[in-house]
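The chain contents come next:
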Amino acid sequence: MSSASRGGRKPPHAPGWTPRPRIIVASLCFLAVAAACTRTPSLVTPPGYLRVDIETSPLSFDPRFATDAISSRIDELIFDSLVKLDARGAFIGDLAESIERPTPTQLVFHLRRGVRFSDGHPLTARDVKYTYDSVLDAVTISPKRAGLEPLAAIDAPDDYTVRMTTRGPYAPALEMAMLGIVPEGTPAQAPPNSYPVGTGFFRLAGFVRDEAAVLERNRFRPAPGPGIPGVIFRIVPDPTVRALELAKGTADFAENNIQPDLLGYLGRWQHLRVAKNSGTAYQYLAFNFRDSRLRDRRVRQAIAFAIDREAIVATILRGTARVASGMLTPENWAYEGEVGRYPYDPAQACRLLEEAGFADPGGGKPRMALTYKTTPEGRRLGEVCQAMLAKVGIKLDVRSNEWATFYGDIQHGNFELTSLAWVGINDPHHYYMVFDSMMTPPRGLNRGAYSNAEMDRLLEAGEVALESGQRRAIYAAAQKLAAQELPYLSLWWQDNVTVMNRDIAGFVPYPNGSLRSLATLSFDTRAIAVRHQRVQP
């Protein structure tokens, strides 16, 4: 038996071997070993659980409050909603067995019978109504309240019927039906270490912040096929350590959080498989319009011309993304490709900055100082932008904070420049949530306080246009205006890149990066349990 077949290890001079990833990994092995030796787990993982490495702790296990991507990914394994998106991005029933639209302002959902929460009690329409009412209650201060603003009423005529009535014709009404449902009476401010139960395939069995969240099967929710007994989401902030844990076999699965320059290295391990699929996650650079310098469109355009996005995608991301022209990908029904573009042109960037009044009195390059806020993990992009902007006379101060602090700053408008990603964009209604002047936090997601009367007019018209051709025309105009105005600088659409153990079968990638198919995948749990025991330090 070869050394590769015994432990999944490739010989140092195997065909196709490239030394650079090995150098990176070797240089940080001490970090990984030290972390493993000093970690004192307080959560015990039962044998056969799938081990998934994530980069940050989820901020909420209550679907009424979860807005960050990590929380949303985990919550959709615990909670069901009236509708969900399938693997092609189309709306399908979830808790709703069937859906009717009897009038332009009404949606009627007929619930599936026999659904139970993980504590055993049956789901009824009253639970659905309560969930929505609690979000709409101003006392709860739910960040999802703004998304339900078009909802005039929600009723439960009987135990298995839910009726939504909107204030007027509302095109993206089905998006409101994607809220995870909690039991009637679930408090908005739960006691410490107390979390809502859901009707999903899993229930939360344990959570230690900055360490792990353990999900076990909901015994009241039958799974198709054998499934897996549970999942442990381990918080591993360092991307190189996540890669090493996959290589060692102490992690089974990771999605969209492995450094692109380590994917080739991981692909050489016989027990791992790397898969890449087109995704809808949208990476962008956000400008704060409260800053008078950034309100000048010439400054925003100069920054756009100064950042070589093609080079970033080709080198830093190793081709695991597509340069974006806007929030919607080419696969989206409302995508408009004929918009203004900003190819790399530092000379044009300098000219625009000079026009905006940032010329160096001494005759040198224009001068400007800006602050870029990010997380430690996102610092690399900030440093790349820092180097590119320096060439046109913009000094970028890169400041990083842990996720909760960073996210709080962004929500409160405490930034000048930052970069984030929107995941799961399906309907162009998202343009309204982030660019309409009325949608600044906490009401919406316009964190940069962008305001443009023409954009408001278009986006508010798109909210009430029910005919698909009319909506497409409206959002085509909105995308062209966004490319001209640059409330965001579009960076790229991120591919969904998954690294998983080859024993895993049945994982279905979703364009929005959803992990819902973890509930239905399968693998030989006995073999996995044996391997987990073998690799323990």
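As a starting point, this report considers the structure included with it. (Residues numbered from 1 in each chain as written. Predicted model: local features only at pLDDT ≥ 70, side-chain atom pairs only at ≥ 80, totals over all residues. Heavy atoms only, no water.)

1. Details of the nonpolar core
Inference 1: Core analysis: the largest hydrophobic core is formed by 74 residues, its most contacted members being Tyr 282, Ile 303, Ile 307, Met 327, Trp 422, Phe 435 and Tyr 488.
Inference 2: Considering each element in turn, this core owes the most residues, 6 residues, to helix H8 (residues 297-306).
Inference 3: Leaving out residues up to four positions away in the same chain, Phe 435 has contacts with Met 327, Asn 446, Tyr 450, Met 455, Asp 456, Leu 459, Ala 482, Pro 487 and Tyr 488.
Inference 4: Membership of the second largest hydrophobic core comes to 29 residues, among which are Phe 207, Leu 215, Ile 504 and Leu 515. (Core = buried A, V, L, I, M, F, W, Y, C linked by side-chain atoms within 4.5 Å. Buried < 20%, exposed > 50% of the residue type's maximum accessible area, 1.4 Å probe, protein only. Helix = DSSP H or I, 4+ residues; strand = E, 2+ residues; numbered from the N terminus. Contact = heavy atoms within 4.5 Å.)

2. Let's talk about the pairing of strand E14 (residues 368-374)
Inference 1: The element E14 is largely enclosed, with a buried count of 6 among its 7 residues.
Inference 2: Summarising the sheet, E14 and strand E15 (residues 394-400) pair through 7 bridges and their orientation is parallel. Pairing of Ala 369 across the sheet is with Lys 395, part of E15.
Inference 3: Note on the crossover from E14 through helix H11 (residues 379-390) to E15: the handedness is right-handed. (Pairing = 2+ DSSP bridges. Right-handed = clockwise from strand over helix to strand, strands pointing away.)

3. Here's the deal with the packing of aromatic side chains
Inference 1: Taken as a whole, this structure holds 17 aromatic pairs when the rule is applied.
Inference 2: Following the ring pairs from residue to residue traces out a cluster consisting of Tyr 282, Tyr 284, Phe 289, Trp 422, Tyr 431, Phe 435, Tyr 450 and Tyr 488.
Inference 3: In this structure, Arg 113 packs its charged tip against the face of Tyr 160, placed 4.0 Å from the ring centre.
Inference 4: Directly above the aromatic system of Phe 201 lies the positively charged group of Arg 221, at a separation of 3.9 Å from the ring centroid. (Phe/Tyr/Trp six-rings, centres within 6.5 Å; stacked < 30°, edge-to-face > 60°. Lys NZ or Arg CZ within 6 Å of the ring centre and 35° of its normal.)

4. Comments concerning the sheet that holds strand E4 (residues 96-103)
Inference 1: One open sheet holds the 4 strands; their spatial order is E4-E5-E7-E6, and the pairing between them is antiparallel. Because the sheet does not close on itself, it has two edges, and the strands there are E4 and strand E6 (151-158). Taking the axes of each pair of neighbouring strands and ignoring which way they run, one obtains an average angle of 20 degrees across the sheet.
Inference 2: Relative to strand E7 (residues 161-166), E6 runs antiparallel, the two sharing 5 bridges. Looking across to E7, one finds that Ala 153 is bridged to Thr 165.
Inference 3: Packed on one face of the sheet, helix H4 (residues 125-136) meets strand E5 (106-111), E6 and E7 and runs near 160 degrees to E6. (Axes fitted to C-alpha atoms, helices over the stretch in contact; angles between N-to-C directions.)

5. Things to note about the environment of Arg 516
Inference 1: With respect to the element layout, Arg 516 can be found in the loop between strand E17 (488-501) and helix H16 (525-534).
Inference 2: With relative accessibility at 15%, the residue Arg 516 sits in the buried group.
Inference 3: Those residues within four positions of Arg 516 in sequence are excluded, and the remaining contacts are Glu 76, Leu 77, Lys 84, Leu 85, Asp 86 and Tyr 510.

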